[in-house]
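# Notes for the structure review
Take a look at the letters that make up each chain.
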2 protein chains.
Amino acid sequence: MRSPAELSSAFRESGLKVTPQRQLLFRLLHDNATHPTADALFAAASEQMPGISLRTVYQTLTDLTSMGELQSFDFGNGPARFDPNVGSHHHVVCRSCNDVADVYVAGASDLDVAGLEGFTIDRSDIVFHGLCARCSTTQDVTGSHPNSNIPSPTTGAMS
Amino acid sequence: MRSPAELSSAFRESGLKVTPQRQLLFRLLHDNATHPTADALFAAASEQMPGISLRTVYQTLTDLTSMGELQSFDFGNGPARFDPNVGSHHHVVCRSCNDVADVYVAGASDLDVAGLEGFTIDRSDIVFHGLCARCSTTQDVTGSHPNSNIPSPTTGAMS
DNA sequence: ACCCTATCTGCATCTCATGCGAACACGCAA
DNA sequence: TTGCGTGTTCGCATGAGATGCAGATAGGGT
Ligand SMILES: [Mn+2]
Ligand SMILES: [Mn+2]
Ligand SMILES: [Zn+2]
Ligand SMILES: [Zn+2]
């Protein structure tokens, strides 16, 4: 998403108001690569603005998302994750700590896809699920691979 | 997942009991390519077995999933979808009617992925979001493409 | 400074899913 | 076939995450 200053202008130009709550969220989201949840943002916002409502956080996130400034992902593990990085990229999620990291996939457009006949596609997401480095070494019960960077385990890269 | 008969044997061999409720769900799920929700299965089951509990449906689905006979997907639009097809395949979801269809992706293992350093991957999902054929023609407001089978619209295939 | 209207906030409501315990019944054993 | 022990079923309570709603509040143009 754009910078807090640019967003403020954009909001005003759209007839939307630039409130302190919104400005705070602009700042908290800008360059935020943690893929925060609404609750996490609420917690962070509450530190700087005690009394801010969780409802307002949700509202603002929804607004930014429908404006295309923010992306929302549901990885099926818990609450939705928000991402100010609206560029083309994908994700990897740790099944243990639920951390999310960006993944860049090259050659995705060369895929040979069967089954999309009749569909008009507007979004394609690739999500890798696994264990992050920290969680791998910690709960390493079976003496599995501490550091393997390429897919493989059981399933190949993909398939 | 395996056939109702095979599942019955597998259950008994594991010390699990083969109840009429479970057998019914085995049948309802076998070769079911609709990616049903727990509620849909509950409705279907209720026709043949009035009084069956939604709780039992959830319980059985969870059991089958942890046994690897069933897969569970959360596409972020509503309730979880269950899939007896545990083979390697991916999905396309209609953002309007929420229908889910199977998609087979070739060459997925040739992808050049950056960002998985340190992760141990055990599952990779590709999900396409868009409009199915029926929904495309219906709410075709802007005169968009009635039938385009390859990604493209706005965003490239993937990226 | 004033007013109109968008926003904020607190609470109710909703959906989906899981925890829990008493009643029930599968399946083995006698 | 009958009886028993343990796994299941079922109904209800509870929980998480998110949205609906309306009165109080405050942008921001005039
Ligand atoms: Mn991201
Ligand atoms: Mn499928
Ligand atoms: Zn982790
Ligand atoms: Zn559709």
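The notes below deal with the structure included here. All residue numbers refer to position in the chain's written sequence, counted from 1. For this description, chains carry letters from A and ligands carry numbers from 1, given in the order in which they are written. Two thresholds apply to this predicted model, a pLDDT of at least 70 for residue-level local features and 80 or more for giving and counting side-chain atom pairs, whereas whole-chain, interface and lining totals are computed over all residues. Excluded from the side-chain calculation are hydrogens and water; included are all heavy atoms of the structure.

## As for the coordination of the zinc ion (ligand 4)
Residues and elements named next belong to chain B. Distances up to 2.8 Å from the metal define which N, O and S atoms are donors, and 3.2 Å serves for Na, K and Ca; water is absent from the atom set, so sites may look incomplete. Protein coordination of the zinc ion (ligand 4) is provided by Cys94 (SG), Cys97 (SG), Cys132 (SG) and Cys135 (SG), with donor distances spanning 2.2 to 2.3 Å. Taken together, the four donor atoms coordinating the zinc ion (ligand 4) and their angles of 104 to 113° define a geometry best described as tetrahedral. The sequence motif formed by the donor residues of the zinc ion (ligand 4) is C-x2-C-x34-C-x2-C. Here the two residues Cys132 and Cys135 agree in accessibility, since each one is buried. Site shape is set this way: if four donors have all angles between 85 and 135 degrees, tetrahedral; if opposite donors are over 155 degrees apart and all others between 65 and 115, square planar for four donors and octahedral for six; otherwise irregular. Here the term buried applies to any residue with accessible area under 20% of the maximum for its type, exposed to any over 50%, and partly exposed to those in between, with areas from a 1.4 Å probe on protein chains only.

## Section: the coordination of the zinc ion (ligand 3)
Residue and element names in this part refer to chain A. Distances from the zinc ion (ligand 3) to its protein donors, Cys94 (SG), Cys97 (SG), Cys132 (SG) and Cys135 (SG), fall at 2.2 to 2.3 Å. Around the zinc ion (ligand 3), the four donor atoms are arranged such that angles at the metal cover 104 to 113°; this shape is classified as tetrahedral. When the donors of the zinc ion (ligand 3) are listed by position in the chain, the intervening gaps give C-x2-C-x34-C-x2-C. Note that Cys94 is positioned in strand 3 (residues 90-94) and Cys132 in the loop between strand 6 (120-131) and helix 5 (133-138), a separation of 38 residues in sequence. Only DSSP runs of H or I covering at least 4 residues are called helices, and only runs of E covering at least 2 are called strands; the numbering of each starts at the N terminus.

## With respect to the packing of helix 3 (residues 38-48) of chain A against helix 4 (residues 54-66) of chain A
Residue and element names in this part refer to chain A. Their axes nearest at 9 Å, the elements helix 3 and helix 4 cross at an angle of 120°. It follows that helix 3 is oblique to helix 4 by the angle criterion. The hand of the helix 3/helix 4 crossing is right-handed. In this structure, helix 3 uses Ala38, Asp39, Leu41 and Phe42 to contact helix 4, whose residues at the interface are Leu54, Val57, Tyr58 and Leu61. Every angle, taken between N-to-C directions, lies between 0 and 180 degrees, and every axis is a line fitted to C-alpha atoms, over only the stretch in contact when it is a helix. Angular relationships are summarised with four words: roughly parallel below 35 degrees, roughly antiparallel beyond 145, roughly perpendicular across 65 to 115, and oblique for the angles in between. Handedness of each helix crossing follows the sense of rotation of the near helix against the far helix: counterclockwise by less than a right angle gives left-handed, clockwise gives right-handed. Between two residues, a contact is recorded if the distance between any of their heavy atoms is within 4.5 Å.

## Focus on the interface of chain B and chain A
With 51 residues of chain B at the contact, the number on the chain A side is 50 residues. Each partner contributes to the roughly 4,600 Å² buried at the junction of chain B and chain A, and carbon and sulfur atoms together form 56% of this total. Put simply, a salt bridge is a Lys or Arg side-chain nitrogen that is within 4 Å of an Asp or Glu carboxyl oxygen. Remark: the boundary between chain B and chain A carries two salt bridges. Here a polar contact is recorded for every N or O atom pair within 3.5 Å, except that within protein the pair must consist of a potential hydrogen donor and a potential acceptor, and residues adjacent in sequence are included only if both atoms are side-chain atoms. Along the contact surface separating chain B from chain A lie 16 residue pairs in polar contact (both at pLDDT 80 or more). Within the residue set of the side of chain B that touches chain A, elements represented by two or more residues are strand 3 (90-94), strand 4 (100-106), strand 5 (112-114), strand 6 (120-131) and helix 5 (133-138) of chain B. Broken down by element, the side of chain B that touches chain A gets its largest block of residues, twelve residues, from strand 6 of chain B. Residues are grouped as follows: nonpolar covers Ala, Val, Leu, Ile, Met, Phe, Trp, Tyr, Cys and Pro; charged covers Asp, Glu, Lys and Arg; every other residue, Gly included, is treated as polar. Looking at side-chain class alone, the side of chain B that touches chain A contains 26 nonpolar, 17 polar and eight charged residues. As defined by bridge partners, strand 6 of chain A adjoins strand 6 of chain B across eleven bridges and the pair is classed as antiparallel. Along strand 6 of chain B, the bridge assignment pairs Ser124 of chain A with Phe128 of chain B. Accessible area that two parts lose when put together, evaluated with a 1.4 Å probe and summed over both, is termed the buried area. Strands are treated as partners if at least two bridges between them are detected by DSSP.

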